[in-house]
Amino acid sequence: MARLKRLLPQVAVIAVLGALALTLGVALGDPALEITVRAREMAFYVDGQTTPNPTLTLPPARRVRLTFVNEDIGVDHDLVLAGLGVISSVLPGDGSSQVLRFKTPDRSVDGAYKCSLHLRMMSAALRVRARD
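Definitions and cut-offs
- Residues numbered from 1 in each chain as written.
- Predicted model: local features only at pLDDT ≥ 70, side-chain atom pairs only at ≥ 80, totals over all residues.
- Heavy atoms only, no water.
- Pairing = 2+ DSSP bridges.
- Helix = DSSP H or I, 4+ residues; strand = E, 2+ residues; numbered from the N terminus.
- Axes fitted to C-alpha atoms, helices over the stretch in contact; angles between N-to-C directions.
- Salt bridge = Lys/Arg side-chain N within 4 Å of Asp/Glu carboxyl O.
- Buried < 20%, exposed > 50% of the residue type's maximum accessible area, 1.4 Å probe, protein only.

A.B. asks: Where do I start with the sheet that holds strand 2 (residues 43-46) in this structure?
C.D. replies: Sheets are built from strands paired through backbone hydrogen bonds, the pairs being either parallel or antiparallel. The sheet built from four strands is open, its strands ordered 2-1-4-7 with mixed pairing. The two strands at the open ends of the sheet, each matched to only one other strand, are strand 2 and strand 7 (97-103). Put simply, the sheet's adjacent strands are angled 25° from each other on average, direction ignored. One ladder, built from seven bridges, connects strand 1 (residues 33-40) with strand 4 (residues 63-70); its direction is parallel. Each residue of the ladder has a partner; that of Val 37, found in strand 4, is Phe 68.

A.B. asks: What's the story with the pattern of salt bridges in this structure? I'm lost.
C.D. replies: Two side chains with opposite charge may pair up if their charged atoms get near one another. Under the criterion given, the structure shown has six salt bridges. Glu 34 is the partner of Arg 65 in a salt bridge, and the nearest nitrogen-oxygen pair spans 3.2 Å. Placement of Arg 65 in strand 4 and of Glu 34 in strand 1 is noted, with a sequence separation of 31 residues between them. Between Glu 71 and Arg 40 there is a salt bridge, with its nearest N and O atoms 3.3 Å apart. Residue Glu 71 is found in the loop between strand 4 and strand 5 (80-82), and its partner Arg 40 is found in strand 1; the two are separated by 31 residues along the sequence. Taking the relative accessible area as the measure of exposure, Glu 71 reaches 27% and is therefore partly exposed.

Written out as structure tokens, the structure reads:
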């Protein structure tokens, strides 16, 4: 019984920390979707895909952490997510990067992602859609 009394404060602390972790998990929701978009050779490349300027499909009502990297040596680029109101800074072509954090709308969106400095070469479809 004496041993149980000595462990009681430790058990209480563990219970409180567990409840706190559960509360924070619910409050924070799903972790942000991580995406990296790279500007290279006058095109955009999305990590995990080999095709230049692929369609970028995002789920609705989801937090996104998009890292934009300009690997196009000597050429400035920005990243505009038309339809979502997300715009990066103009980054120099020296490997500079910027993290863009946003939440997708809870409805479907058809837009584009593009470089406002090179619209003819660097533009592709952007869609917000529920995944089946």
